[in-house]
Amino acid sequence: MTTLPQVESVIDIEEQYQVATYKKFPFAIERGEDVWVFTNTGDRYLDLYGGHAVVSTGHSHPKIVKAIADQASRLIFYSNLVYNDARARAAKALVEIAPAELTKTFFVNSGTEANENALKIARKLTGREKVISFEGGFHGRTPGSLAATGIEKYRDGISPLLEGHVYAPFGDAASVEAMLDERTAAVILEPIQSMGGVRMAEPSFYQALREMVDNVGAMLIYDEVQTGMGRTGEWFFAGRCGVVPDMVTLAKGIASGVPMGAVLMSEHIAGEIRSGDLGATFGGGPLAAAALEATVEVIRDERLLENVRENSEYLLGELKKLPAVEEVRGLGYLIGIRFKGGDAKRYQKGLLDRKIITGLADDVSVLRLLPPLTLRRLEIDWFLGQLAQLGI
Ligand code: PLP
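Residues numbered from 1 in each chain as written. Predicted model: local features only at pLDDT ≥ 70, side-chain atom pairs only at ≥ 80, totals over all residues. Heavy atoms only, no water.

In this structure, what is going on with the packing of aromatic side chains? I would like to understand it.
Aromatic rings considered in pairs are described by the distance between their centres and by the relative angle of their planes. The final tally for this structure, using the stated rule, is 13 aromatic pairs. With centroids separated by 5.1 Å and ring planes inclined at 55 degrees, the aromatic side chains of Tyr-206 and Phe-237 adopt a geometry described as tilted. Linking Tyr-206 in helix α9 (residues 203-215) with Phe-237 in the loop between β10 (219-223) and β11 (247-250), this pair joins segments that are 31 residues apart in sequence. Given a relative accessible area of 1%, Phe-237 falls into the buried group. One aromatic cluster in this structure is built from Phe-134, Phe-170, Phe-205, Tyr-206, Tyr-222 and Phe-237. One cation-aromatic arrangement involves Arg-346 over Tyr-347; the distance from NZ or CZ to the ring centre is 4.8 Å. Across the ring face of Tyr-314, the terminal group of Arg-377 is positioned such that the distance to the ring centre comes to 3.6 Å. (Phe/Tyr/Trp six-rings, centres within 6.5 Å; stacked < 30°, edge-to-face > 60°. Helix = DSSP H or I, 4+ residues; strand = E, 2+ residues; numbered from the N terminus. Buried < 20%, exposed > 50% of the residue type's maximum accessible area, 1.4 Å probe, protein only. Lys NZ or Arg CZ within 6 Å of the ring centre and 35° of its normal.)

Just checking my understanding: could you explain the packing of helix α3 (residues 62-74) against helix α11 (residues 286-301) for this structure?
Between two packed helices, what matters for the description is the angle formed by their axes and the separation of those axes. Viewed as axis vectors pointing N to C, α3 and α11 meet at an angle of 155 degrees, and their least axial separation amounts to 9 Å. By the angle between their axes, α3 is roughly antiparallel relative to α11. Crossing hand, α3 versus α11: right-handed. On α11, the residues touching Lys-63, Ile-64, Ala-67, Ile-68, Gln-71 and Ala-72 of α3 are Pro-286, Leu-287, Ala-290, Ala-291, Ala-294, Thr-295 and Val-298. Its residues assigned to classes, the contact of α3 with α11 shows 10 nonpolar, two polar and one charged. (Axes fitted to C-alpha atoms, helices over the stretch in contact; angles between N-to-C directions. Parallel < 35°, antiparallel > 145°, perpendicular 65-115°, else oblique. Left-handed = near helix turned anticlockwise from the far one by under 90°. Contact = heavy atoms within 4.5 Å. Nonpolar A, V, L, I, M, F, W, Y, C, P; charged D, E, K, R; others polar.)

Explanation requested: helix α14 (residues 377-389) in the structure shown.
Working note: α-helix, 3.6 residues per turn, so residues spaced by three or four point in the same direction. End to end, α14 covers 18 Å across 13 residues, agreeing with the expected 18 Å (1.5 Å per residue, within 8%). If you check which residues of α14 are buried, you get Glu-379, Ile-380, Phe-383, Leu-384, Gln-386 and Leu-387. Seen end-on, α14 carries its buried residues on one side only, within an arc spanning 155 degrees. Away from its buried face by more than 90 degrees, α14 exposes Leu-378, Ala-388 and Gln-389. (Expected span 1.5 Å × (residues − 1). Arc of directions from axis to C-beta.)

How should the sheet that holds strand β3 (residues 44-47) be read in this particular structure?
Hydrogen bonds between backbone atoms are what pair the strands of a sheet, whose relative direction is either parallel or antiparallel. One open sheet accounts for four strands, arranged β1-β2-β3-β15; its pairing is mixed. If you trace the sheet from one side to the other, it starts and ends with β1 (29-33) and β15 (356-357), each paired once. The pairing of β1 with strand β2 (residues 36-39) spans four bridges and is antiparallel. The partner of Arg-31 across the bridge, within β2, is Phe-38. (Pairing = 2+ DSSP bridges.)

How do you make sense of the pattern of salt bridges when you look at a structure like this?
Oppositely charged side chains are able to pair whenever their charged atoms sit close together. Taken as a whole, this structure holds 23 salt bridges when the rule is applied. Close ionic contact of Arg-309 with Glu-234 constitutes a salt bridge, the shortest N to O distance being 3.6 Å. Residue Arg-309 is located in helix α12 (residues 304-320), and its partner Glu-234 is located in the loop between β10 and β11; the two are separated by 75 residues in the primary sequence. Here Arg-309 falls in the partly exposed class, since its relative accessible area comes to 36%. Across the pair Asp-353 and Lys-349 runs a salt bridge whose closest N-O atoms are separated by 3.1 Å. Linking Asp-353 with Lys-349, this pair stays in helix α13 (residues 344-353), spanning four residues, or about one helical turn. Taking relative accessible area as the criterion, Lys-349 reaches 49% and is therefore assigned partly exposed. Here the residues in one salt-bridge network are Glu-326, Glu-327, Arg-329, Arg-338 and Asp-363, joined through shared partners. (Salt bridge = Lys/Arg side-chain N within 4 Å of Asp/Glu carboxyl O.)

Just to check I follow, could you spell out the side chain of Lys-130 for this structure?
Here Lys-130 lies in strand β5 (residues 130-134). Since its relative accessible area comes to 10%, Lys-130 is described here as buried. Not counting residues within four places of it along the chain, the set of residues in contact with Lys-130 comprises Gly-164, Val-166, Met-179, Asp-181, Arg-183, Thr-184, Ala-185 and Ala-186.

Honestly, the environment of Val-364 in this entry has me stumped. Any pointers?
Along the polypeptide, Val-364 turns up in the loop between β16 (359-360) and β17 (366-369). Residue class for Val-364 comes out exposed when judged on its relative accessible area of 65%. Discounting chain neighbours no more than four positions away, the residues touching Val-364 are Gly-342, Asp-343, Ala-344 and Lys-345.

Help me out: how do you make sense of the site of the ligand in this one?
Around the ligand lies a shell of 13 residues, among which Gly-111, Thr-112, Asp-223, Gln-226 and Lys-252 are the nearest. Measuring from a nitrogen atom of the ligand, one finds a side-chain N or O atom of Asp-223 at 2.7 Å. The separation between an oxygen atom of the ligand and a polar side-chain atom of Lys-252 is 2.9 Å. Relative to its unbound accessible surface of 390 Å², the ligand loses 83% to contact with the protein. Broken down by element, the residue count for the shell around the ligand peaks at three residues, all from helix α5 (residues 111-126). (Near = heavy atom within 4 Å. Polar contact = N/O pair within 3.5 Å; in protein donor to acceptor, adjacent residues only side chain to side chain. Areas by Shrake-Rupley, 256 points an atom, 1.4 Å probe, with all protein chains shown as cover.)

Where do I start with the nonpolar core in this structure?
Side chains of nonpolar character tend, in soluble globular proteins, to be buried together. Within the largest apolar cluster, 95 residues are counted, with the highest numbers of intra-cluster contacts made by Leu-189, Phe-205, Leu-319 and Phe-383. Sorting elements by how many residues they give to this core places α11 first, with eight residues. Counting residues in hydrophobic clusters, the runner-up holds 22 residues, among them Val-108, Ala-148, Ile-188 and Met-219. (Core = buried A, V, L, I, M, F, W, Y, C linked by side-chain atoms within 4.5 Å.)

Right, here's the structure in full:
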């Protein structure tokens, strides 16, 4: 491995050789431990962004590290042409934590790939092409997911995308009803719109969707790339409000940072998929599979769902009391703080100066917190203290 001599050189080299498509913080992280990350200049940051909702079990959790290292020393990869013990255990572990109606998984590598596959399955099995999604929803950067994304700026300059996509206002069941017909293949939604500013709908909305989608013989897809794997304090949003969708798409935190995605689906749907209909070379590779299984074990063994429920209730309650805060939205460790006067970026910068990493949203007044599920009361109190010192 080549060592990079100077602090600047890491930044300079990335700038020189990578396409400049990401706005980056002006430091280089070289190590992480639980909810903390460390820069190559020796600074320590509290990571309330979780590497964009990915680091579910905290940075480099020893059990995840061990599972990956053990698997790597045995077999890093073989394709889906063969059976494999790590893949078998991962599939079983994932299906066992899902609502009982979702009995099968198809493994992929990212969130957008999971959504592409779910939409493809819906279109293929229904023989229909119309897809209803929601204004403010984000589903990924490849054409199918992008066509379903209800935030215009991501679709700008690349029309026409796929045909048949329409967008309803989030939370408005009557609008969906007006759009739904016998040409509709699927309704896809983030049950909590994260990028859109952490927006959640009333329980009756999800229930109405389930009923209306059934009435026209379409499929209901939850994009749980952010809400899945414990972030809301339950394994999945699916099952909440008595609603289980036909498919759930997953990625981000499911393997603690090793790239992996999945589509969970009902027995009925899986039963109609024919050999060769779907495929992904890396999907369910042994290394990622081992990380997924270990992620499920850590969340279960360390009672992280309970941790999220308990501590998020406290955190949300304390945030609501702050004078600069207009509204606090979200569930579990998917939190949106809406500031009076709008400018969340200014608060993000203030927090960054105090060595706390947070995220923005497409709603410029909202600051997002997507911390590891391991975030505890001690660190929350430290964060609240920093907010107080900032006059928030
Ligand atoms: N769906 C949601 C809800 C997301 O937040 C994202 C990414 O931020 C995606 C899909 C796309 O995931 P990926 O970047 O892994 O393709």
